[in-house]
Amino acid sequence: MNLKTLLLAGGALLSGTAASAGGYQVSLAGIKNNGMGGVGVGLSLDQAAMFYNPGALAMVRERGVQLGGNLTFARNAFVAEGSSTQRELRNSVVTPFSLFAGYGPAEGKFRAGIAVYTPFGSKLQYAEGWEGRTSLTDIDLKSVFVQPTFSYALTDQLSVGAGLVVLAYGAVNLQRDVPLPDSYGHIELDGKAKTKLGYNAGIFFKPSSKLTLGISYRSKIDAQVEDGDVTFTNISPTFASRFQATKFAATLPLPATTSLGIGLMPTEKLTFGVDINYVNWSAYRTLEFRFDQQINGSTVSSSKRFYQDAFTFRVGGQYKVTDAFTARIGGAYDNSPVKDGYVTPETPDADRISGTAGVSYAFGEHFSVDASTQFVSLKKRTQTAQDLQNNQTTDRVAGTYKTNIVIPGLGLNYTF
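Worth saying up front: this structure is predicted, and the values here are computed from it rather than measured. (Residues numbered from 1 in each chain as written. Predicted model: local features only at pLDDT ≥ 70, side-chain atom pairs only at ≥ 80, totals over all residues. Heavy atoms only, no water.)

A.B. asks: Is there a simple way to explain the pattern of salt bridges in this structure?
C.D. replies: Opposite charge on two side chains permits them to pair, given that their charged atoms come into close proximity. Inspection of every chain in the model, using the stated rule, returns ten salt bridges. Taking the shortest distance from any N to any O, the salt bridge between K220 and D222 comes out at 3.5 Å. Under the relative-accessibility criterion, K220 is labelled partly exposed at 39%. The partner of R381 in a salt bridge is D340, with the nearest N and O atoms 3.0 Å apart. You can see R381 sitting in strand β23 (residues 381-383) and its partner D340 sitting in the loop between β20 (325-334) and β21 (352-363), a full 41 residues away along the chain. On the accessibility criterion, R381 (11% relative accessible area) is buried. (Salt bridge = Lys/Arg side-chain N within 4 Å of Asp/Glu carboxyl O. Buried < 20%, exposed > 50% of the residue type's maximum accessible area, 1.4 Å probe, protein only. Helix = DSSP H or I, 4+ residues; strand = E, 2+ residues; numbered from the N terminus.)

See the structure below:
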């Protein structure tokens, strides 16, 4: 295994194609919001405001608990440069989830709550024997954030809020084949991230009954894996002395996000939202890995990422058809942070466009159910061997990627 191949393996360790946002970001908090294109910064729909804009939580009149889950079905196709054979991912399902619970006095000015959600992660399983098998075969990245939140209404029109964001759980599993002179070995990297802290904060302003405005910020967290396990299999004794590492350490930035939102309520039944998200992906420049023992003569490796800051534009609306039934629709356009010539198998990212829809039905005064669905289409992304040579990123594969994702979601609500 040469050093460049090892670098690619390390790069795959902590990244991946996310379900509904650029890079390895996931924006699937709140089933109502999912049905409206992911808007929520300028709205105060329900307890999911803790994720979108904690300043809006104080304006949510109902106290309650909501639990949401999504299933992501991704289809990824790859054609290597100079080949006509299309490779596809093995079937896999990722299950982002969210839990929000908010409480406060019925006529009081504050709301407090706890949020649990999965803002980063992915799972990719490439086809057996695909051209990039020595770069990546499988990756499974998970993260769970826990966020205690407090929000206060300074006036009837203005409220503020903040949350302590805790990276409570993070885990990664990466696998790939190792090229040997007469066969293929296999390497598996497996590790858990340390608990880390960040924060989010927001301001919500309601200048009239028909217009609301919001701004929010979520800080960067550096996810650190220390003492992760390195396991080699199918390595013949002849070459075993070249693969001695048993532990690794690495750091991945989970970037900061600044968001602006507008809400419009032309009638009591109709609501529109528009959000703009700006993600500081440029923090992800280089990924460095440190090993406890040498792999092919080296204990440290680094791989270029050179991500760029990126915008996401979202729009959505809902219409209350009856007192019990609400319908939603929306969409989003997401700029990829991955530049040409820097696409990797673990993040075959591209600009993406999505369409969403959703409904809610209330069963009596306290219980309701939400359903949503999203279709996400990533543009076809091609990088040539010459592109990789020009950018000195030959530790990845030349070819064309195309990905489509379908994401149904279901949520349960209890209000009091």
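There's more to say after this.
A.B. asks: Whenever I open this one, the nonpolar core confuses me. Can you help?
C.D. replies: Most often, soluble globular proteins have nonpolar side chains that are buried together. Counting 55 residues, the largest nonpolar core has Y24, F100, F145, F243 and L254 as the members making the most contacts within it. At five residues, the largest contribution of residues to this core is made by strand β13 (residues 221-233). Membership of the second largest hydrophobic core comes to seven residues, among which are V26, L28, L378 and I407. (Core = buried A, V, L, I, M, F, W, Y, C linked by side-chain atoms within 4.5 Å.)

A.B. asks: Explain the layout of surface pockets here, please?
C.D. replies: Over the atoms rolls a probe the size of a water molecule, and in doing so it shows where empty space is left. If you add up the space inside the largest pocket, you get close to 1,200 Å³. Around the largest pocket sit 42 residues that line it, and S44, L45, E62, Q318 and K320 are the ones nearest its centre. For the lining of the largest pocket, the secondary-structure elements that each account for two or more residues are β1 (64-70), β11 (196-208), β19 (310-320), β20, β21, β22 (367-378) and β24 (399-415). (1 Å grid on protein atoms, 1.4 Å probe; cavity = no way out; pocket = protein on both sides within 12 Å on 5 of 7 lines; lining within 4 Å. Points joined across faces, edges and corners; volume = space filled by probe spheres on them.)

A.B. asks: Would you mind going over empty space enclosed by the protein with me for this structure?
C.D. replies: Taken as a whole and judged by the stated rule, the model has eight cavities of 30 Å³ or more. Approximately 190 Å³ is the volume attributed to the largest cavity. Forming the walls of the largest cavity are 17 residues, and the residues nearest its centre are S27, F51, T257, S259 and N277. The greatest single-element share of the lining of the largest cavity, amounting to three residues, is contributed by strand β16 (residues 270-279). A breakdown of the residues in the lining of the largest cavity according to their chemical character gives five nonpolar, eight polar and four charged. (Nonpolar A, V, L, I, M, F, W, Y, C, P; charged D, E, K, R; others polar.)

A.B. asks: I tried to follow the environment of S83 on my own but got confused; where do I start?
C.D. replies: Its location among the elements puts S83 in the loop between β2 (72-80) and β3 (86-88). Taking the C-alpha atoms as reference points, S83 and E131, 48 residues apart in sequence, are found 9.7 Å from one another.

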